[in-house]
Amino acid sequence: MNSSTTRKPIRKAVFPVAGMGTRFLPATKAIPKEMLPIIDRPLIQYAVDEAREAGIEQMIFVTGRGKTAIVEHFDIAFELETTMSERGKALDILEPTRAVPGDIITVRQQVPLGLGHAIWCARAIVGDDPFAIFLPDELMIGSPGCMKQMVDAYQEVGGNLISVLEVPQAEVSSYGVIDPGESRGALTEVKGLVEKPPVDQAPSNKIISGRYILQPEVMRTLENQGKGAGGEIQLTDAMARMIGSQPFHAVTFDGRRYDCGSKVGFVEATLALALEREDMSADVRAMAERLLKA
Ligand code: UTP
């Protein structure tokens, strides 16, 4: 592992939000999956808040058809704010939705050819800078947040980082899995990556969990890459090809992760966060107990 030096800071984040969200149909027919709320905040808001906490300033959304609500969410709703002010209502609830002018950037992925292709669509804006990636349907709850933990690790080792967590071996074939090398604290060297391996061929039970810090060279790797698992252009395949030429580490996230791309994960996140909220935990607990007895 490298010794600590000053690194080019991570100021840009790419949010690939052009997927079709088929697992949530019909809810996601006209509403982007990333706008589904966990209680009262859409998934995209949790991800952007996590990015800001990590010092990231530019939010690059890779959008597609029917995704304009995401951009609207970070705009100033002039009529709403004027009406609320006239009625004496506080506007601070809208504060996290305010963006510094120029810091929300969108590019379009015309056809959903896969996560790797979505990231590649942001190449002109990423330029020569290292950048973060957030998959907003993976909700990461921690203090500090997942990306802040990764940025701190990046300051130490540089190169490329992915967040990982351990799952039961039987579940690995749904995810990208790392082949682990030497470990130190939360950091593990990555010797290889494989997307959705059969259970008996998986090199570990550490799965990639929706947060990345990558060097801009990944864009050139993606450019020349064919389709992988599921007929999609896979980010995991591009990252795997960079191992060996640049440092590559996994950060085991100290916190909780909810897979909000699945219905059960989404319900779990809603319940877990509601049980933690001071304004509703007592009522939700009583309701859950009542339902369990019924
Ligand atoms: P998913 O595999 O979760 O796909 O994509 P999805 O379309 O969002 O949802 P399902 O499986 O059909 O229900 C992982 C992430 O990559 C983005 C998605 O928006 C999501 O954030 N993505 C995926 C793209 O932006 N473009 C793609 O071509 C594929």
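In the block above lies the structure referred to throughout.
First, a word on scope: everything that follows refers to the structure included in this document. Think of each chain on its own: its residues are numbered from 1, step by step along the sequence as written. Under the rules for a predicted model, residues below a pLDDT of 70 receive no local features and side-chain atom pairs below 80 are neither given nor counted, while totals for whole chains, interfaces and linings still include all residues. Side-chain metrics in this entry use all non-hydrogen atoms of the structure; hydrogen atoms and water are not considered.

Bringing the overall build of the protein into the picture now. Counting from the N terminus, the helices are the DSSP runs of H or I reaching at least four residues and the strands are the DSSP runs of E reaching at least two. Secondary structure assignment for the protein yields 10 helices and 13 strands. In terms of overall size, the protein behaves like a compact globule, its C-alpha atoms giving a radius of gyration of 20 Å where 294 residues would be expected to give roughly 19 Å. Projecting the C-alpha coordinates of the protein onto the three principal axes gives extents of approximately 60 × 50 × 40 Å. Note on classification: 1.4 Å probe, protein chains only; a residue is buried when its accessible area is under 20% of the maximum for its type, exposed when over 50%, partly exposed between these limits. Across the 294 residues in the protein, those meeting the buried criterion constitute 48%. Residue contacts are defined here by distance: any two heavy atoms, one from each residue, within 4.5 Å place the two residues in contact. Considering only contacts in the protein between residues 6 or more positions apart, those separated by 24 or more positions represent 75%. His is not counted, nor are the chain ends; Lys and Arg add positive charge and Asp and Glu add negative charge. All charge positions are set by atom: Lys at NZ, Arg at CZ, Asp at CG, Glu at CD. Considering the protein, the positive charge centre built from 32 side chains and the negative charge centre built from 39 side chains are found 4 Å apart. For a compact globule the rule gives 2.2 Å times the number of residues to the power 0.38, and the radius of gyration it is set against comes from C-alpha atoms.

With respect to the element layout, serine 209 can be found in strand β11 (residues 206-214). Exposure remark for serine 209: the relative accessible area of 0% places this residue in the buried category. Sequence separation between serine 209 and leucine 139 is 70 residues; the distance between their C-alpha atoms is 9.5 Å. When near neighbours in sequence (up to four residues on either side) are disregarded, serine 209 contacts Glu138, Met140, Ser163, Val164, Leu165 and Arg257.

We call a residue near a molecule or strand as soon as one heavy atom of that residue lies within 4 Å of the molecule or strand. Neighbouring the ligand are 18 residues, the closest being Met20, Thr22, Arg23, Lys33 and Gln109. Here alanine 18 contributes a backbone N or O atom positioned 2.9 Å from an oxygen atom of the ligand. Pairs of N or O atoms within 3.5 Å make up the polar contacts considered here, provided that, within protein, one atom can donate a hydrogen while the other can accept it, and that residues adjacent in sequence are counted only when both atoms are side-chain atoms. Measuring from an oxygen atom of the ligand, one finds a backbone N or O atom of arginine 23 at 2.7 Å. When the ligand sits alone it has 560 Å² of accessible area, and the protein chains cover 83% of it. Method remark: on a 1 Å grid restricted to protein atoms, a set of points is classed as a cavity if a 1.4 Å probe fits but cannot get out and as a pocket if it is open with protein on both sides within 12 Å along at least five of seven lines; lining residues have an atom within 4 Å of a point. Put plainly, a molecule is in a cavity or pocket when over half of its atoms are within 2 Å of the grid points there. Using a 2 Å cut-off from the grid points, one finds that the ligand occupies the largest pocket. The accessible surface values rely on the Shrake-Rupley method and a 1.4 Å probe; as for residues, cover is taken only from the protein chains in view.

What follows deals with the pattern of salt bridges. We define a salt bridge as a side-chain nitrogen of Lys or Arg found within 4 Å of a carboxyl oxygen belonging to Asp or Glu. The full count for this structure, using the stated rule, is 18 salt bridges. For glutamate 50, the salt bridge goes to arginine 211, with nearest N and O atoms at 2.9 Å. Placement of the pair is glutamate 50 in helix α1 (residues 43-53) and arginine 211 in strand β11, with a sequence separation of 161 residues. Each member of the pair, glutamate 50 as well as arginine 211, carries the same accessibility label: buried. Across the salt bridge formed by arginine 277 and aspartate 279, the nearest N and O atoms sit 2.9 Å from each other. By sharing partners, the salt bridges in this structure join Lys8, Lys12 and Asp129 into a single network.

Tracing the chain through its elements places threonine 97 in the loop between α3 (78-86) and β5 (104-108). Taking relative accessible area as the criterion, threonine 97 reaches 11% and is therefore assigned buried. Placed 25 residues apart in sequence, threonine 97 and glutamate 72 show a C-alpha to C-alpha distance of 9.4 Å. One polar contact links the side chain of threonine 97 to the main-chain carbonyl oxygen of leucine 94, over a distance of 2.6 Å.

Moving on, we come to helix α9 (residues 263-276). Any helix carries an expected span of 1.5 Å times its number of residues minus one. Between its first and last C-alpha atoms α9 spans 20 Å; for 14 residues at 1.5 Å apiece the expected length is 20 Å, and the two agree. Among all positions in α9, only Gly265, Phe266, Ala269, Ala272, Leu273 and Ala274 are buried. Where α9 is buried, its residues meet β2 (37-38), α1, β7 (138-141), β13 (256-259) and α10 (281-293).

With that out of the way, let us pick up the layout of surface pockets. Grid points are joined across faces, edges and corners, and a volume is the space filled by probe spheres set on the points. Space inside the largest pocket adds up to approximately 1,000 Å³. Around the largest pocket, the lining comprises 37 residues; the ones closest to its centre are Arg23, Lys33, Leu115, Asp137 and Glu232. Looking at the lining of the largest pocket element by element, the count peaks at three residues for β11. Classes in brief: Ala, Val, Leu, Ile, Met, Phe, Trp, Tyr, Cys and Pro nonpolar; Asp, Glu, Lys and Arg charged; the others, Gly included, polar. Per-class residue counts for the lining of the largest pocket are 15 nonpolar, 12 polar and 10 charged. By volume, the second largest pocket amounts to about 300 Å³. Considering the residues around the second largest pocket, the lining is formed by 17 residues, among which Ala18, Gly19, Met20, Arg65 and Lys67 are closest to the centre. Residue composition of the lining of the second largest pocket, grouped by class: six nonpolar, seven polar and four charged.

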